[in-house]
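# Results of the structural survey
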Amino acid sequence: MAIEHTFSILKPDATRRNLTGAVNAVIEEAGLRVVAQKRIHLTKAQAEFFYGIHRERPFFGELVGTMTAEPVVVQVLAGENAVAKYREIMGATNPANADEGTIRKRFALSVGENTAHGSDSLDNAKLEIAQFFSGNEIVG
Ligand code: CMP
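Here's a quick rundown of the structure. (Residues numbered from 1 in each chain as written. Predicted model: local features only at pLDDT ≥ 70, side-chain atom pairs only at ≥ 80, totals over all residues. Heavy atoms only, no water.)

### Points about helix H5 (residues 82–90)
What counts here: Buried means the residue's accessible area, taken with a 1.4 Å probe over protein chains only, is under 20% of the maximum for its type, while exposed means over 50%, and partly exposed covers the values in between. Secondary structure is summarised from DSSP: a helix means a run of H or I of at least four residues, a strand means a run of E of at least two, and numbering begins at the N terminus for each. The arc in question is traced by the directions running from the helix axis to the C-beta atoms. Throughout, a contact is declared for two residues whenever any of their heavy atoms are within 4.5 Å.
Among the residues of H5, Ala82, Val83, Tyr86, Ile89 and Met90 are the ones counted as buried. The buried residues of H5 occupy an angular sector of 140° when projected down its axis, which confines them to one face. Next to the buried residues of H5 lie strand E1 (3–10), helix H2 (20–29), strand E3 (72–80), helix H6 (103–107), strand E4 (116–118) and helix H7 (122–132). Directly beyond the C-terminal end of H5, a positive phi value near 85° is found at Gly91.

Here's what the structure looks like:
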């Protein structure tokens, strides 16, 4: 199977609680490799663009507010079937519905503070990675 790249955000609830290493340990134990990573403070414009598909949803303002309140860690993860693999180990968006052992079951506080974002398709992974990383920042 081909090696894929997927895009990840360790969200403000993870940085605030000093959990980025704990989440990275789950990622690495699952066989995914962190091939790019940086800690940034998202601007409102960056968050609104990134989550543009949700612009009409009732939670959009809250989502942008939460994502810009404190720093995040943006990442590129590499591995076989990385897009689906990362979604599997993150668990369901709402931690109340997430399987035991998943990142969101273990660490998330709520659907809005759900610790991690991962791309939902290979096409979106490419777009999301391109918003935050240039090619020479990704070192496999
Ligand atoms: P994420 O995978 O980053 O993609 C969109 C985000 O919107 C999602 O994780 C949740 O954190 C957030 N979200 C989805 N549904 C709700 C909701 N009902 N209320 C608040 N935030 C939500």
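### Description of the site of the ligand
Let me state the cut-off plainly: Near, as used in this document, describes a residue that has one of its heavy atoms within 4 Å of the molecule or strand being considered. Throughout this description, a polar contact denotes any pair of N or O atoms lying within 3.5 Å of each other; where both atoms belong to protein, one of them has to be capable of donating a hydrogen while the other can accept it, and for residues adjacent in sequence the pair is counted only when both atoms sit in side chains. Values of accessible area rely on a 1.4 Å probe in the Shrake-Rupley scheme; residue burial ignores everything except the protein chains shown. Here the nonpolar group is Ala, Val, Leu, Ile, Met, Phe, Trp, Tyr, Cys and Pro; Asp, Glu, Lys and Arg are the charged ones; every other residue, Gly included, is treated as polar.
Taken together, the neighbourhood of the ligand is formed by Lys11, Tyr51, His54, Phe59, Glu62, Leu63, Thr93, Arg104, Val111, Gly112, Asn114 and His117. At a separation of 2.5 Å, an oxygen atom of the ligand approaches a polar side-chain atom of Tyr51. Calculation on the ligand without its partners gives an accessible area of 460 Å², and the protein chains cover 79% of this total. Looking at the shell around the ligand residue by residue, the class counts come to 4 nonpolar, 5 polar and 3 charged.

### Notes on the pattern of salt bridges
Using the following cut-off: By salt bridge we mean one thing: a side-chain nitrogen of Lys or Arg within 4 Å of a carboxyl oxygen of Asp or Glu.
For the structure shown, the criterion picks out 6 salt bridges. The shortest N-O distance in the salt bridge between Glu137 and Lys38 comes to 3.2 Å. Linking Glu137 in the segment after H7 with Lys38 in strand E2 (residues 33–40), this pair joins segments that are 99 residues apart in sequence. Between Lys44 and Glu48 there is a salt bridge; the shortest N-O distance is 3.1 Å. Of this pair, Lys44 and Glu48 both sit in helix H3 (residues 44–50), 4 residues apart, roughly one helical turn. According to the relative accessible area criterion, Glu48 is partly exposed, its value standing at 21%.

### Thoughts on the sheet that holds E1
Put simply, the rule reads: A pair of strands counts as paired when DSSP detects no fewer than two bridges linking them. Axis definition: a line fit to C-alpha positions, over the contact stretch in the case of helices; interaxial angles, taken between N-to-C directions, run 0 to 180 degrees.
Read across the sheet, 4 strands follow the order E2-E3-E1-E4 without closing on themselves; strand pairing throughout is antiparallel. Edge strands, defined here as strands with exactly one partner in the open sheet, are E2 and E4. Between one strand and the next, the sheet's axes are offset by a mean angle of 20°, whatever the strand orientation. As judged from the 7 bridges shared by E2 and E3, these two strands associate in the antiparallel manner. Each residue of the ladder has a partner; that of Arg39, found in E3, is Val73. Contacts from H5 reach E1, E3 and E4 within the one sheet, and its direction differs from that of E1 by about 35°. Running over the sheet, H7 touches E1, E2, E3 and E4 and is turned about 55° from E1.

### Let's talk about unusual backbone geometry
With the exception of glycine, the majority of residues adopt a negative phi angle, and the majority of peptide bonds are in the trans configuration. Its identity as a non-glycine residue notwithstanding, Asn18 has a phi of 60°, on the positive side. Along the chain, Asn18 falls in the loop between helix H1 (12–16) and H2. Given a relative accessible area of 69%, Asn18 falls into the exposed group.

### Looking at helix H4 (residues 60–69)
Every buried residue of H4 is accounted for by Phe60, Leu63, Val64 and Met67. Seen end-on, H4 carries its buried residues on one side only, within an arc spanning 95°. Residues of H4 that are exposed and point more than 90 degrees away from the buried face comprise Gly61 and Glu62. Residues of H4 that are buried sit in contact with E1, H1, H3 and E3.

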